[in-house]
Number of protein chains: 2
Amino acid sequence: MKHFSELTPSAERIVDAAENLIKAVGYNGFSYEGISQAVGIRKPSVHHHFPSKTELGAVVAQRYTHRFKESLVRIEGVFAKPEERLIAFAKLFETTYANDRNLCVCGMLGAENDSLPNEVVTEVRKFFQVTLGWLEAVISEAKSKGALKADSSPKILAITFLSAMEGAMLVGRSLQSQEGPEMVAHALIESMTPEH
Amino acid sequence: MKHFSELTPSAERIVDAAENLIKAVGYNGFSYEGISQAVGIRKPSVHHHFPSKTELGAVVAQRYTHRFKESLVRIEGVFAKPEERLIAFAKLFETTYANDRNLCVCGMLGAENDSLPNEVVTEVRKFFQVTLGWLEAVISEAKSKGALKADSSPKILAITFLSAMEGAMLVGRSLQSQEGPEMVAHALIESMTPEH
DNA sequence: GTCTATACTTGGATAGAC
DNA sequence: GTCTATCCAAGTATAGAC
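Residues numbered from 1 in each chain as written. Chains lettered and ligands numbered in written order. Predicted model: local features only at pLDDT ≥ 70, side-chain atom pairs only at ≥ 80, totals over all residues. Heavy atoms only, no water.

Topic: the relation of the copies chain B and chain A
Our working definition: The fit set for superposing copies consists of C-alpha atoms from residues with pLDDT of at least 70 in both; the fit itself is least squares. Here a residue-residue contact requires only that any non-hydrogen atoms of the pair lie within 4.5 Å.
By a simple turn and slide, chain B fits onto chain A: the slide is 0.0 Å along the axis, the RMSD is 0.0 Å, and the turn is 180°. The transformation just described matches what one would write down for a two-fold rotation axis. When you check the interface residues of chain B against chain A, 100% turn up at the interface there too, and the contact is symmetric in its surfaces.

Overview of the protein's contact with DNA strand C
For clarity, the threshold we go by: In these notes, residues near a molecule or strand are those with any non-hydrogen atom within 4 Å of it. Per the convention used, a helix needs a DSSP run of H or I reaching at least four residues, while a strand needs a run of E reaching at least two, with both numbered from the N terminus. Throughout this entry, Asp, Glu, Lys and Arg are counted as charged residues, while Ala, Val, Leu, Ile, Met, Phe, Trp, Tyr, Cys and Pro are counted as nonpolar. The remaining residues, Gly among them, count as polar.
Taken together, the neighbourhood of DNA strand C is formed by 17 residues, with Lys53 of chain A together with Thr8, Arg42, Ser45 and His49 of chain B sitting nearest. Counting only elements with at least two residues in the surface near DNA strand C, the list comes to α3 (43–49) of chain A together with α3 (43–49) of chain B. In terms of residues, the surface near DNA strand C owes the most to one element, α3 of chain B, which gives four residues. When the residues that make up the surface near DNA strand C are grouped by side-chain class, the tally is six nonpolar, eight polar and three charged.

As for the nonpolar core
So the rule is basically this: As used in this record, nonpolar core signifies buried Ala, Val, Leu, Ile, Met, Phe, Trp, Tyr and Cys residues forming a set joined through side-chain atoms within 4.5 Å. Throughout this description, buried means an accessible area under 20% of the type-specific maximum (1.4 Å probe, protein chains only), exposed means over 50%, and partly exposed covers the range between.
Counting residues in hydrophobic clusters, the biggest one holds 144 residues, and the most contacted among them are Phe89 of chain A together with Phe89 of chain B. In this structure phenylalanine 89 of chain A touches Phe68, Leu72, Ile75, Thr131, Trp134, Leu135, Phe161, Leu162 and Met165 of chain A, once residues within four positions along its chain are discounted.

Observations concerning the protein's contact with DNA strand D
Inclusion rule: Distance and chemistry together define a polar contact, namely a pair of N or O atoms within 3.5 Å, with one atom able to donate a hydrogen and the other to accept it when in protein, and with adjacent residues in sequence counting only for side-chain atoms on both sides.
In the vicinity of DNA strand D there are 17 residues, among which Thr8, Arg42 and His49 of chain A together with Lys43 and Lys53 of chain B approach most closely. Taking the atoms of DNA strand D that fall within 4 Å of the protein, sugar and phosphate contribute 57% of them. Serine 10 of chain A places a side-chain nitrogen or oxygen 3.1 Å from a phosphate oxygen of DNA strand D. The side chain of histidine 49 of chain A places a nitrogen or oxygen atom 2.8 Å from a phosphate oxygen of DNA strand D.

Structural notes on the packing of aromatic side chains
One pair of aromatic rings is described through two measures. These are the centre distance and the angle between the planes. Residue and element names in this part refer to chain B. Under the convention used in this document: Two rings from Phe, Tyr or Trp (for Trp, the six-membered ring) form a pair when their centres are within 6.5 Å of each other. A pair whose planes differ by under 30 degrees is stacked, one over 60 is edge-to-face, and the rest are tilted.
With the rule as written, the count across this model stands at 20 aromatic pairs over all chains. An angle of 40° between the planes, with centres 5.6 Å apart, marks the rings of tyrosine 64 and phenylalanine 127 as tilted. Of the two residues, tyrosine 64 sits in helix α4 (residues 53–78) while phenylalanine 127 sits in helix α7 (residues 118–145), which places them 63 residues apart along the sequence. Summarising the burial analysis for this pair, tyrosine 64 and phenylalanine 127 share the class buried. A ring pair is formed by phenylalanine 89 and tryptophan 134, whose centres lie 5.6 Å apart and whose planes are at 20°; its orientation type is stacked. Taken together, the residues span a long stretch of sequence, with phenylalanine 89 in helix α5 (residues 82–98) and tryptophan 134 in helix α7 at a distance of 45 residues.

Overview of a negative patch on the surface
Just so we agree on the cut-off: The patches reported here contain residues having more than 30% relative accessible area and no salt bridge. Joining distances are 9 Å for like charges and 5 Å for nonpolar side chains (Val, Leu, Ile, Met, Phe, Trp, Tyr). All accessible areas in this document rest on Shrake-Rupley with a 1.4 Å probe, and a residue is counted as covered only by the protein chains that are shown. Any Lys or Arg side-chain nitrogen located within 4 Å of an Asp or Glu carboxyl oxygen qualifies as a salt bridge. Neither His nor the chain ends contribute to the count of charged residues, in which Lys and Arg are positive and Asp and Glu negative. To locate a charge, the coordinates of NZ of Lys, CZ of Arg, CG of Asp or CD of Glu are taken.
On the surface, Asp151 and Glu195 of chain A together with Asp151 and Glu195 of chain B cluster together to form a negatively charged patch. Tracing the backbone through its elements, the reader meets glutamate 195 of chain B in the segment after α9 (181–192).

As for the interface of chain B and chain A
Here is the rule: Joining two parts hides part of their accessible area as seen by a 1.4 Å probe, and the buried area is that hidden amount summed over both.
Between chain B and chain A, the contact holds 45 residues from the first and 45 residues from the second. Between chain B and chain A, a total of about 3900 Å² is buried, with carbon and sulfur atoms accounting for 65% of that surface. Applying the counting criterion to the chain B and chain A interface returns two salt bridges. Note that aspartate 114 of chain B is salt-bridged to arginine 173 of chain A, the shortest N-O span being 3.4 Å. Of all the secondary structure elements, the ones that give two or more residues to the side of chain B that touches chain A are α1 (9–25), α6 (105–112), α7, α8 (154–175) and α9 of chain B. Ranked by residues supplied to the side of chain B that touches chain A, first place goes to α8 of chain B with 14 residues. Residue composition of the side of chain B that touches chain A, grouped by class: 22 nonpolar, 14 polar and nine charged.

Structure follows, in structure tokens:
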């Protein structure tokens with residue numbers, strides 16, 4: 001399959017448009033026509049760069065995961081404390097949500113999982129595996145430092161935290177609320193912080 | 001708009017099929033053809049009962065919310081303690097998830113919000129308002145009893161809890177995991193339970 | 001209530017010229 | 001790389017017979 005690092009400038013603009021459309025209306029909700037309008041070229045030109053919708057969807061998810069990983073590494077370089085890292089993590093989702101109540105690309109695709117081509121399903125799963133691995137390590141460190149108090153394993157807490165972030169975007173969007181993942185993250189972390 | 005209480009038996013089977021399809025593949029993922037196959041009648045017969053997809057979607061959401069409310073009232077009749085009610089609440093989602101990793105109808109529709117007709121959006125919003133209202137009351141009671149310890153307001157905790165349930169289904173489905181909302185609910189409640 | 005037949009639109013995709 | 005033209009399938013929807 002095509003790799004996002006080898007995209008021509010036009011292909012890049014197409015992936016940008018597809019990513020934004022997926023955040024808003026999902027894989028089943030966007031079309032080549034929509035991409036065409038967003039980018040300002042005709043449908044067959046979109047097909048020239050991405051012959052099939054499957055491939056386009058997979059590249060979007062792949063690039064999204066890569067950039068998300070970059071953000072996680074950046075957080076490690078800026079924040080030393082695991083508690084700060086968790087808040088910074090939540091802010092990644094908040095930024096997406098604050099932009100038009102958009103969802104996480106892979107959250108949206110995860111919801112649509114059962115109607116997605118296999119190539120896309122695979123990429124989406126990788127996003128969750130990578131993200132949960134990172135969260136688990138951060139939470140594990142927070143617990144061993146005593147900065148976080150909770151009986152459940154770091155693995156389960158990571159799933160809980162990520163679930164809350166993804167769900168917060170979905171619930172907030174349904175309520176047409178300004179409040180999103182960051183508010184939920186604060187409530188969660190606060191409830192797991194030991195009394196001083 | 002049509003009300004779900006006035007459905008003929010055929011219409012009921014159509015709504016059943018549509019509900020199941022929405023849980024699996026969403027509003028944008030299902031078609032009259034799919035309904036037709038699930039129910040065993042032809043496409044125009046489906047249109048006879050529900051002229052437009054918009055109306056069918058709205059009735060599905062409407063009936064789903066009503067039944068969910070019934071479940072909430074049933075929980076109140078069976079469990080007295082707010083902690084038990086929260087677990088029973090989580091089990092409602094777990095039951096849906098355990099059936100083929102299906103999503104909550106309104107969770108799925110919430111994700112698709114921006115590509116949904118207004119009538120459906122309205123019904124979905126009602127689901128979240130009703131559910132959050134109920135959760136807020138339960139959490140409020142739990143806090144005043146001292147069964148739950150958390151600084152955030154019951155309103156915010158309700159959003160947090162529901163977000164975690166909706167997100168858990170989405171994340172679990174993406175990972176193709178057996179573990180769903182119930183595991184997350186236990187982790188959450190445990191972390192908010194005061195030491196004895 | 002259900003059917004066959006059909007209309008109309010959109011969506012994904014290809015051929016071939018520039 | 002982009003275009004016009006076109007294909008074919010699917011999706012929503014209607015007409016009208018039984």
